[in-house]
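One letter stands for each residue in the lines below.
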Amino acid sequence: MSGARNGPAKAPAKSAAKSAAKSAARVGPGGPLRGTATMPGDKSVSHRALIVAALARGRSRVAGVNPGLDVAATVEALRALGVTVDAAGSAAEVVGGTLHEPADVIDCGNSGTTLRMLAGVCATIDGLSVLTGDDSLRRRPMGRVARPLRALGATVDGRAGGELAPLVVRGGPVTGAEVTVPVASAQVKSALLLAGLAASGTTAVRTPPSRDHTERLLAALGAPIEVGDGVVTLHHSFTPEPFELEVPGDPSAAAFFAVAAVLIPGSEVTIAGVGLNPTRLGWVDVLQRMGAAIEVVHEWERLGEPGGQLRAAAGPLTAVEVGAEQAPAVIDEVPVLALAATQAEGDTVFRGMAELRVKESDRIAAITSGLGALGAEIEAHDDHLVVHGPTPLRGGTADARGDHRIAMTLAVAGLIAQDEVKVEGWGSVETSFPGFLDTLVGLRGPGR
Ligand code: S3P
């Protein structure tokens, strides 16, 4: 198993990716987790840093790039678009300002962030770009990004009238406009802002709040960007200067170890060097409301991204209600929060979670069947989940459904179950956290 600090992975051949997705991991109960761990670089920030570096004119340096296949897909896509990316370990040097029409279809693998954000970039490149992905990505909604890009003057088509990838983008000059995006999607908002960097006039995106990494990075680089109440405005076109950034550790990855620490008696874990962007810490708020001992220690800021330490210790939990207004801030952590809720006193409700149905898997179904196979009592509804607790989990076999966040949730379930859990589809962790098990072993201590 490769370490957590491996650099941008090389996208494997399709057959290799498929057999990896079929592999299994076995995780059994053990003693407390103790000590300090670091996380791989934040996946969302890694994508953005590489893409914005590709738009800057000159050589940028990005360190701590996420080592998973999603970010590797962005690196390969940028190369296909004419950008030089020299990757060594977790560092990448990007020579931007040379984007051109790709010679072939661009395969974004499993990565919705790659496909949607690059749709915005391709809208501004003269020529034709075709963006596709794996079976999962080709099932996910793309009309949400195609429609507003058309409003900026781009020609975007795709299967099912532009609703599904492959997306076909005929790029060229785009014109700023005020566009409304009803869904809280940072990928779509970012696609529009990236297109807006090359648009004539003002680009304004009216949308509910979602993670704000793109806004922070562009503002730190001097872009004329303004974040208002429900609207982000890029006042005119802007070419970033090259920059250097060390990507913070991924707070979504930290959530798995924080939940494990909270659930396993005697545990005390520190996650160092982690990103503390408030739009990513909804899960900390939910666990704190459940009574968990989690501390956030701010230490630094890099190009607009705050970071520091997260500390978590074991303790009892009580059920809470997570409202629809909090959904965008916890959406990637609902699987592991649902696991925490199986051990809480009472019924935890996650409302307004329809977006979970269109992630890397249908996560409402995957959580219910995966944790259900281990004895959890979870009710799945169209757009919400009810988790009954506390319920002891037994060992057994559970399927990650090709979804990295489900796989890691099931591994944490193995730590607190009565017997070993076999996680099928373990290879999906390569998407964001190839070194997950190494990090876990590091916190468990030798031989456990
Ligand atoms: C991401 C945004 C979210 C999130 C995804 C990463 C990003 O998706 O679930 O894992 O980096 O912008 P949506 O934009 O679809 O909400």
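One can find the structure itself at the top, above this paragraph.
Basis of the calculations
Counting restarts for each chain, with residues numbered from 1 along the sequence as it is written. Where local features are concerned, this predicted model is filtered to residues with pLDDT of at least 70; where side-chain atom pairs are given and counted, the filter is 80 or more; whole-chain, interface and lining totals use all residues. Hydrogens are left out, water is left out, and the side-chain values use all remaining heavy atoms of the structure. If a single non-hydrogen atom of a residue is within 4 Å of a molecule or strand, that residue counts as near it. N or O atoms closer than or at 3.5 Å make up a polar contact, with two conditions inside protein: a donor-capable atom paired with an acceptor-capable one, and, for residues adjacent in sequence, both atoms drawn from side chains. Each accessible area value is a Shrake-Rupley result obtained with a 1.4 Å probe; residue values ignore everything except the protein chains displayed when judging cover. The method works on a 1 Å grid over the protein atoms by themselves. A cavity is a set of points holding a 1.4 Å probe that cannot get out, a pocket is an open set with protein on both sides within 12 Å along at least five of seven lines, and residues with an atom within 4 Å of a point line them. Whether a molecule lies in a cavity or pocket depends on its atoms, and more than half of them have to be within 2 Å of the grid points. Here, nonpolar core refers to any group of buried Ala, Val, Leu, Ile, Met, Phe, Trp, Tyr and Cys residues whose side-chain atoms link them within 4.5 Å. Relative accessibility decides the category of a residue: with a 1.4 Å probe and only protein chains considered, values under 20% of the type maximum give buried, values over 50% give exposed, and everything between is partly exposed. Starting at the N terminus, helices and strands are each numbered in turn, a helix being any DSSP run of H or I of at least four residues and a strand any DSSP run of E of at least two. Centres within 6.5 Å make a pair out of two Phe, Tyr or Trp rings, where for Trp the six-membered ring is used; the pair is then stacked when the planes are under 30 degrees apart, edge-to-face when over 60, and tilted otherwise. Geometrically, a charge over a ring is one whose NZ (Lys) or CZ (Arg) sits within 6 Å of the ring centre while staying within 35 degrees of the ring normal. Grid points are joined across faces, edges and corners, and a volume is the space filled by probe spheres set on the points. Each residue is assigned to one of three groups, with Ala, Val, Leu, Ile, Met, Phe, Trp, Tyr, Cys and Pro labelled nonpolar, Asp, Glu, Lys and Arg labelled charged, and all others, Gly among them, labelled polar. In this analysis, two residues are considered to be in contact whenever any of their non-hydrogen atoms come within 4.5 Å of each other.

A. Focus on the site of the ligand. Contacts to the ligand come from S44, R48, T113, R116, A184, S185, A186, Q187, R211, I331, D332 and K359. At a separation of 2.6 Å, an oxygen atom of the ligand approaches a polar side-chain atom of R48. Here the ligand, which alone exposes 390 Å², has 95% of that area covered by the protein. Of the pockets mapped on this structure, the ligand occupies the second largest pocket.

B. Fine view of the nonpolar core. Core analysis: the largest hydrophobic core is formed by 79 residues, its most contacted members being W283, F350, M353, W426 and F436. Among the elements that make up this core, the one with the highest residue count is helix 9 (residues 251–263) (11 residues). V65, A92, C122 and V181 belong to the second largest nonpolar core, which has 65 residues in total.

C. Broad picture of the packing of aromatic side chains. Inspection of every chain in the model, using the stated rule, returns five aromatic pairs. With 6.0 Å between their ring centres and 65 degrees between their planes, F257 and F433 make a pair best called edge-to-face. Of this pair, F257 sits in helix 9 while F433 sits in the loop between strand 23 (421–424) and helix 15 (436–444); the two residues are 176 residues apart in sequence, bridging distant segments of the chain. In terms of burial, F257 and F433 fall into one category: buried. Positioned above the aromatic ring of W300 is the side chain of R302, whose terminal nitrogen or guanidinium carbon lies 3.6 Å from the ring centre.

D. A look at the layout of surface pockets. Of the pockets and cavities examined, the second largest pocket occupies roughly 490 Å³. Around the second largest pocket, the lining is made up of 34 residues, and of these Q187, R211, I331, D332 and K359 lie nearest the centre. Broken down by secondary-structure element, the contributors of at least two residues to the lining of the second largest pocket are helix 2 (43–55), helix 4 (112–122), helix 7 (186–196) and helix 11 (327–330). For the lining of the second largest pocket, the per-class residue count stands at nine nonpolar, 10 polar and 15 charged.

E. Layout of the side chain of E360. Within the element layout of this structure, E360 appears in the loop between strand 19 (346–350) and helix 13 (363–372). On the accessibility criterion, E360 (10% relative accessible area) is buried. Here the side chain of E360 touches R363 through a polar contact of 2.9 Å, side chain to side chain. Here the side chain of E360 touches H404 through a polar contact of 3.0 Å, side chain to side chain. Not counting residues up to four positions away in its chain, the partners in contact with E360 are N110, S136, R140, D403 and H404.

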